[in-house]
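These are the residues of each chain, in order.
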Amino acid sequence: MVYLSVPGLVRPAYWRSVARVVRAPSLFSVRRLDHAIVAAVRVAVAVGVPLVAGVLAHRPDLAALAPYGAFTAMYGRGQPYRRRAVTMAVAGFGVTMAMAVGALLGAAGVSHWLAAVVIAVGTLLATLVLDVVRSGPPGGFIIVLTMLSASAMPMTWAQLPVAVGVTAATAVFGWCLVMAGRLVRPLGPVRMAVAHALEAVARYAGTPEDTRHRHQAAAAVEHAWEAVAAEPDADGLAALTARAETVFARLCHGQGAAGGAVELPVLAAGVRRFGPAPTVASTADERVEILGRRPVTPPSRTSRAFRPSSPEFLRATRSGTGVLLAYWAALALGLGHAYWAALAAAAALQAINMATAVQRAIHRATGSVLGALLAAAMLAAHLPPLGVAAVAIGAMFVIELVGASNYALAIVFITTLVSALLSMVERVPIESLMVDRVVATAFGAAVGALCGLLVVNTRYAELLGAAVDRCSLAQHELTLHWAMGATAQLRADRNRLRADLLALRDILDLASGEPSHVDLSVERVLTVERHGYQALARTAARAVLFTAAAPRPLPRRPPPGG
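Conventions we followed
Residues numbered from 1 in each chain as written. Predicted model: local features only at pLDDT ≥ 70, side-chain atom pairs only at ≥ 80, totals over all residues. Heavy atoms only, no water. Helix = DSSP H or I, 4+ residues; strand = E, 2+ residues; numbered from the N terminus. Buried < 20%, exposed > 50% of the residue type's maximum accessible area, 1.4 Å probe, protein only. Contact = heavy atoms within 4.5 Å. Areas by Shrake-Rupley, 256 points an atom, 1.4 Å probe, with all protein chains shown as cover. Phe/Tyr/Trp six-rings, centres within 6.5 Å; stacked < 30°, edge-to-face > 60°. Lys NZ or Arg CZ within 6 Å of the ring centre and 35° of its normal. Expected span 1.5 Å × (residues − 1). Polar contact = N/O pair within 3.5 Å; in protein donor to acceptor, adjacent residues only side chain to side chain. Patch = residues over 30% accessible without salt bridge, like charges linked within 9 Å, V, L, I, M, F, W, Y side chains within 5 Å. Salt bridge = Lys/Arg side-chain N within 4 Å of Asp/Glu carboxyl O. Core = buried A, V, L, I, M, F, W, Y, C linked by side-chain atoms within 4.5 Å. Axes fitted to C-alpha atoms, helices over the stretch in contact; angles between N-to-C directions. Parallel < 35°, antiparallel > 145°, perpendicular 65-115°, else oblique. Nonpolar A, V, L, I, M, F, W, Y, C, P; charged D, E, K, R; others polar.

We now examine the overall build of the protein. Within the protein, the regular secondary structure consists of 25 helices and two strands. Burial analysis of the protein (562 residues in total) assigns 52% to the buried set. If you take every contact in the protein between residues at least 6 apart in sequence, the share linking residues at least 24 apart comes to 83%. When the accessible surface of the protein is summed, it comes to about 23,200 Å², and 67% of that surface belongs to carbon and sulfur atoms.

See the structure below:
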């Protein structure tokens, strides 16, 4: 049950619980991401082409609108092209609708107080929908950014269809630009997923007692099977995924497969390179596993997302509440560019739990101060329009390059990008603009952190207990059917247990970042998780023997260089 608990803020036990889950954020550490430079170049081109076109056409108003639809290219990173096409289409439609709503509010002259309510509702719905389709970063933030920016722009009824049309056109352009990668390397995302699985299992082999590495390896292997299943021409990659799962199962079963794990980093490096993927001599069990293995179907988020106890509903409620309160409070205090406060709150609350929301609020405030200094230097240089566009494109490149690994650093350049776009349509003294940016953003981030503390889910401990019970039951049924020789049930039992184990760790990660007066019994969770993976390893051989009774044809070989 989600609730707004103001009295709870004065209880010492509540703050002890908060102190237990919130950790000091790492402000400027950056981790490596797969093909980060390629992804950053794509997004920079998606934003830069329409932006420069608007500048060359001497239409700064259109140039300022161009990037919003092009932000569609940021969605679905790492997904196989078939799935990413759907993800980006949903995101592009959402951004276009957000522009329509924001422009309508601006053209109709709706008061900021009422506009805040409309945008808060839009934030809640956008966050829910994008969580349901598993869009990944940047989630609902781009939708909120578009609505808030459009509502604050000078807009007439004649300009409204133009703004919506430009956004739709640039969204289509961004979609086409990303999907063009399929013509160059059609199995690129699948290969990255398989390489990540090989590396994750190798990392777990080096630290077999690390439960987090075990979960990461299991999740990476499952993601690799999901990616392989999404493409019909990934036979060689399926063999590599089966090898990763074989080594992982041996490690879970305590068979000391570290020797077999030595080859995994080498295979991963070969998969990442252009050219034919490396091949392995599959064992009999691995060949049968390739025939019968199907990725675990994740539980449907559509039905559960609108339940008050669901993680999706909690995050959407926090985001909508934060946008509304931050916007209203900024208006009441007379802050310049009050919508920046709402945007900062929304950005902070695009987090999986309260702990990460507070960390993102700190990142947002810190990054905005540094970004304001960089933006002030850019504005003080009085660059020509093409120079401003070049700064915006460069900022977009860095945002996509580091955004998924370091939010504070990304905010530095997001501030620069927003300031560059704003300077094209609004002439404001540099000092006033930067002061408004820092003050409104810091205030909105604080409101976002406060909403993270106020809007809590009291049932996370209960949900975690239910997930533990489901895993225990699934493990018991699998072990029972295995002991009875009921091979016809093993495949379904194993799929169910795998899904329950992945869901268990996800709920633990959510719950461990929320304040709670109830112990989460982490030790019990880890024990059940360990026993579950051991049961999967123990029952693997007999499960694949049953699959061999009804073989299916192997998919076609991947094309050279795929």
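This brings us to unusual backbone geometry. Its identity as a non-glycine residue notwithstanding, histidine 337 has a phi of 50°, on the positive side. Along the chain, the position of histidine 337 falls in the loop between helix 16 (311–333) and helix 17 (339–348). Relative accessible area serves as the criterion here: at 17%, histidine 337 is assigned to the buried category. Although it is not a glycine, histidine 382 sits at a positive phi angle of roughly 50°. By the element assignment, histidine 382 lies in the loop between helix 18 (354–380) and helix 19 (385–402).

Turning our attention to the packing of aromatic side chains. Counting across every chain of the model gives five aromatic pairs. For the ring pair tryptophan 113 and tryptophan 328, a centre distance of 6.4 Å and an interplane angle of 40° mean the geometry is tilted. Of the two residues, tryptophan 113 sits in helix 5 (residues 112–132) while tryptophan 328 sits in helix 16, which places them 215 residues apart along the sequence. Residue classification places tryptophan 328 among the partly exposed positions, given a relative accessible area of 32%. Pairing tyrosine 339 with tryptophan 340 gives two aromatic rings, centres 5.9 Å apart and planes at 55°, and the pair type is tilted. When its relative accessible area of 1% is taken as the criterion, tryptophan 340 is described as buried. The lysine or arginine in question, arginine 185, covers the ring of phenylalanine 274, its NZ or CZ lying 4.3 Å from the ring centre. Just above the ring of tryptophan 340 sits the side chain of arginine 437; from NZ or CZ to the centre is 5.0 Å.

For the rest of this paragraph, the subject is helix 4 (residues 81–107). One full turn of an α-helix is made of 3.6 residues, so residues set three or four places apart face in the same direction. Between its first and last C-alpha, helix 4 extends 38 Å over 27 residues, near the 39 Å set by a 1.5 Å rise per residue. Directly after helix 4, the chain includes glycine 109, whose backbone phi takes a positive value near 70°.

To continue, consider the side chain of threonine 441. Topologically, threonine 441 is positioned in helix 21 (residues 430–454). You can call threonine 441 buried: its relative accessible area is 0%. There is a polar contact of 2.6 Å between the side chain of threonine 441 and the backbone oxygen of arginine 437. When residues no more than four places from it in sequence are discounted, the contact partners of threonine 441 are Trp340, Ala344, Arg364, Ser368 and Asp436.

Okay, a nonpolar patch on the surface next. On the surface, a nonpolar cluster with roughly 650 Å² of combined accessible area is contributed by Val101, Trp113, Leu114, Val117, Val118, Val121, Leu125 and Trp328. With six residues, helix 5 is the single largest residue contributor to the nonpolar patch. With respect to the helices and strands, leucine 125 occurs in helix 5. Residue class for leucine 125 comes out partly exposed when judged on its relative accessible area of 45%.

What follows concerns the environment of arginine 437. Mapped onto the elements of the fold, arginine 437 is located in helix 21. According to the relative accessible area criterion, arginine 437 is buried, its value standing at 0%. Between the alpha carbons of arginine 437 and alanine 372 there is a distance of 7.1 Å; along the sequence they are 65 residues apart. Residues contacting arginine 437, with those up to four places away along its chain left out, are Trp340, Arg364, Ile414, Thr415 and Val418. There is a polar contact of 3.4 Å between the side chain of arginine 437 and the side chain of threonine 415.

Looking now at the nonpolar core. Formed by 86 residues in total, the largest nonpolar core has its most connected members in Phe71, Ile142, Leu148, Tyr327, Met396 and Leu417. Considering each element in turn, this core owes the most residues, ten residues, to helix 4. Counting 56 residues, the second largest nonpolar core, distinct from the first, contains Ala195, Ala227, Leu251 and Ala467.

Attention now goes to the pattern of salt bridges. Tallied over the full model, the rule gives eleven salt bridges. Arginine 214 serves as the salt-bridge partner of glutamate 529, at 2.8 Å between the closest nitrogen and oxygen. One end of the pair, glutamate 529, is in helix 24 (residues 522–538); the other, arginine 214, is in helix 10 (residues 211–230), with 315 residues separating them in the sequence. On the basis of relative accessibility, which here comes to 6%, the residue arginine 214 falls in the buried class.

Attention now goes to the packing of helix 17 against helix 18. Think of two packed helices as two axes; the pair is described by the angle between the axes and how far apart they sit. Running from amino to carboxyl end, helix 17 crosses helix 18 at an angle of 135°, the nearest separation of the two axes being 8 Å. Considered as vectors, helix 17 and helix 18 are oriented oblique to each other. On the side of helix 17, the interface is formed by Leu343, Ala344, Ala347 and Ala348, while helix 18 contributes Ala357, Arg360, Ala361 and Arg364. Here the residues of the contact of helix 17 with helix 18 are counted per class, giving six nonpolar, no polar and two charged.

With respect to the helices and strands, valine 178 occurs in helix 7 (residues 159–179). For the pair valine 178 and threonine 72, spaced 106 residues apart in sequence, the C-alpha separation works out to 9.4 Å. Leave out the neighbours within four places in its chain, and valine 178 touches Arg42, Ala73, Tyr81, Arg84 and Met88.

As far as function goes, none of this settles anything; it's purely spatial.
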